[in-house]
Structure formats: structure tokens, C-alpha cells
Amino acid sequence: MLLLLLLPLLFKGILCPWPSPEGKENPGPHHLAGEEPLSFHMLQISSFANRSWENNQGSGWLGEVQTHRLDSVSGTISYLLPWSRGNFSKEELESIQAVLQLYFHTLPREVQVHSSQFQLEYPFVIQISSGCTLHPGKASEAFLYGAYQGSDFLSFQGYSWKPSPGAGSRAQNVCKVLNRYRVIKEVARNLLSYTCPRFLAGIAAAGKSELERQVKPEAWVSKGASPGPGRLLLVCHVSGFHPKPVWVRWMRGEQVQPGTQQGDILPNADRTWYLRVTLDVAAREATGLTCRVKHSSLGGHDLIIHWDGYHILPMLTCLAIMVTLVVLIVVGPWFQKQSFNWTVCSPHAPKLALPMEANIQQPRSLGHQLYLAQKSWMKNRFLKKGKISLSKL
Ligand SMILES: *[C@@H]1O[C@H](CO)[C@@H](O)[C@H](O)[C@H]1NC(C)=O
Ligand SMILES: *[C@@H]1O[C@H](CO)[C@@H](O)[C@H](O)[C@H]1NC(C)=O
């Protein structure tokens, strides 16, 4: 039991996504990573189906970038990016891995053994997010949050375990037991308050170019499922941008349209982002609307997509491709290099398909689903946190 209790504390990472741009009307042309709080966190998701079956997943994150994956069977850490080791030595990384191996070996067993004592009801999921945040010019901040069944359950603050407000007597009981183990608290505090900030400083320096990478968004518009008779759902898709902060609105001239609905910013598989912003309007009023995108990579030149242009452009592209096809079929036998034309045209194909599937978000990987599920319980917490830090800027 003691080991198990200690293990959560051993986690070296903490969660602290970057502040969301929500509420900030203009992200400004430059969004330097150095001005933002930086965080490293470790995520753990443990699912328990019954007394004999559980599954554990662990991952490490520098801000929004996944840097590590833990193979819970072998207990080995996979370093996902060339700079994922930061500037820690091989020995130091091995000792951290040993701690994680012990943790992942012990914790699930302890949870299973004590499931009835703490009235845990199968099937259940435990999520733990732990790590540290560096605020420029300030002391680092450590944190560890635990969730049970997707809701806040407990946290480790200062030097003690605290039940989350509203988590009930179950969380109070777990914290009461955890607080008896001084050793676990020591280990947790050391990992979160000393090891984590050191690791974060090193990995942030090593991954600087990744964090500051500027990739321009592409944007297109489409029609969503009709919200009702005589109404249109305009959908603006913005994809492939980095870093994450972005501003997207439906506008008429310089006027932001009230009722613009923004979805979650979803990860693409190539470590860029995707966002979908919709507007429900009367069909007659759609004319003249534009989707406007501000992003740090655009150097102040906003991307503007006209709603009206949407019908014409894909049709023209379609027509051009069909003409090319016909030409190829007709003149093909005479024209040795027909494959060259295909190469030129094919990049347009995915864009053509998109307006037909207006209601479907276009992730580049199925993996984002899992990612979203993993992060969902943390979202509200960090959204709030992001707003607080934004208001301080
Ligand atoms: C436990 O859950 C797993 C996964 O759902 C299932 O395959 C297994 O049969 C279950 N075992 C028992 C004893 O219910
Ligand atoms: C790692 O890098 C950080 C930040 O650059 C530095 O403060 C620390 O001393 C370095 N640690 C080692 C072991 O080189």
C-alpha cells in the first residue's frame, strides 16, 4: 500500500496546457513561446474493467506536444522526439524509468486490492495529471490532479492530499489514508518541485525550435447540416497551423457576427492544429459573409475566406480537373507524360471532398479521439487557468 501511495507522487510531469486564446480578441502577430508559461506534465489513464482486468497508459507532454509514451507492459519510456531527453543524463533517465516501472507495477494492484474499501465501482477510470509549470521570471509551480470516472477527485498541494470539492466522502477517505504516508509525500514533492522544473528547463531549451515553429493555416468554408428551413450553417475550417493560439470569426466587413460558434482546437497527426467555426444564419443573409483568421504565422496578414467564393472555386477546380482528365483520356496515347498531370492535380482532391462532408471534422489521425478523451476532464480546469493567466498579461 505504501509503495502504491508513493508512486503517484513520483510522477515527474505536471499538466499545464498553454493558455487558450479564448476571450483574447487578437492574438497579435507574434506569440513568442518565451513569454508564455511553459509546462511539462505526465498523464496517466488507468481503466479497470473488473477485479482481474486493467489497462494503463502513460504519456509525457511539453505544453501541447507529446514527447513521451510509456509502455505499461514493459515499463519502458519511448522518447518520441529527438529532443525528448532534454539534457538529463542516461543514468538520471534510467532512474526515473525505474520509478515509473515500480509505480505502474504497483498502483493498479493496490487499486484492485482496495477497490471495495474505497467503494470503487467497476468499471472505472482513474486519470492523473502531474507536472510543473515555469512562469517566466517566477518560481516554478508543481501540481498533481487525480480524477475518478472523469471528475475531479483529489490533488496534491504543498505537502498534502486534498479531496476535490464535491468529490464526496470517497475522496476524503482516500486522502486521509494517503496523508499517512510521509515517504510518499516526500517523493512526490521532490519529483514535482525539484526534478520536474529541472527537466522542463532542459527539454524546453532542447525543443525550442519545435515550440516556436510557425506554420501557416489553410482555411476553407463549407455548408453544414441545415439548422432549419431557410437557414444555413456556415462552416469555416482552419487547419495545419502551429502554434495553437488562433482567432477565427465569421464577419460581415469589419463586424464580427454574433453567434459564431467555435469548436475545440483538435490536433492533427503532424503536430499542427485544426479548428472549425460555425455560424447559423438565414440563407438570404449569407451573402457577403467572410471567415477571418488571425494567426501568429501570418505576420498580420489575416486570412479571409469569402462565403460566396466557396461555390465557384471548388466548381472551377472540379471543372479544371475534369477537363484535364478528358484531355488525358483523349490525348493520353499521344502524351507520354500524363502521370505528371496527375501529380499536379491530386493535391486538390481532398479539398474537393471536404465541402460534401461539411459536418465531419477532418482530423489527420484517429488518434486524436483518444487524445480528446484523455484530456476532456482536464479541459475545464485549464481553460479556467488559461483565462486567469491571460488576464494577467
Ligand atoms: C474482465 O474484463 C475483461 C475485459 O472487459 C473481460 O475480457 C474479462 O472476461 C472480465 N473478467 C471477468 C472475471 O469478468
Ligand atoms: C539543463 O538545462 C537547464 C536549462 O538550460 C540548466 O539550467 C541545467 O543546468 C542543465 N542541466 C544539466 C544537467 O546540464
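Residues numbered from 1 in each chain as written. Chains lettered and ligands numbered in written order. Predicted model: local features only at pLDDT ≥ 70, side-chain atom pairs only at ≥ 80, totals over all residues. Heavy atoms only, no water.

**Student:** Tell me about the state of the cysteines, residues and numbers included.
**Tutor:** Scanning the entire structure with this criterion turns up two disulfides. Paired through a disulfide, Cys236 and Cys291 show a sulfur-sulfur distance of 1.9 Å. Across the S-S bond linking Cys236 and Cys291, the dihedral sits near -80°, which makes this disulfide left-handed. Placement of the pair is Cys236 in strand β10 (residues 231-241) and Cys291 in strand β16 (residues 289-294), with a sequence separation of 55 residues. Cys291 matches Cys236 in its accessibility class, with the two residues each being buried. (Disulfide = S-S within 2.5 Å. Helix = DSSP H or I, 4+ residues; strand = E, 2+ residues; numbered from the N terminus. Buried < 20%, exposed > 50% of the residue type's maximum accessible area, 1.4 Å probe, protein only.)

**Student:** Go over the pairing of strand β8 (residues 160-163), please, and point to the residues and values.
**Tutor:** Strand direction decides the pairing type here: strand β7 (residues 151-157) and β8, joined by four bridges, are antiparallel. Paired with Leu154 across the bridge in β8 is Pro163. (Pairing = 2+ DSSP bridges.)

**Student:** Lay out the sheet that holds strand β11 (residues 247-252) with the relevant residues and their values.
**Tutor:** Backbone hydrogen bonds are what pair the strands of a sheet, in a parallel or an antiparallel way. Spatially, the four strands line up as an open sheet ordered β12-β11-β16-β17, and their pairing is antiparallel. For this open sheet the edge positions go to β12 (255-256) and β17 (303-306), each flanked by a neighbour on one side alone. Sheet topology places β11 next to β16; six bridges connect them, and they run antiparallel. Paired with Trp247 across the two strands is Lys294, which belongs to β16.

**Student:** I'd like a description of the environment of Ile304, backed by residues and values.
**Tutor:** As for its placement among the helices and strands, Ile304 is situated in strand β17. By relative accessible area, Ile304 is classed as partly exposed at 40%. Separated by 54 residues in the primary sequence, Ile304 and Trp250 have C-alpha atoms spaced 9.7 Å apart.

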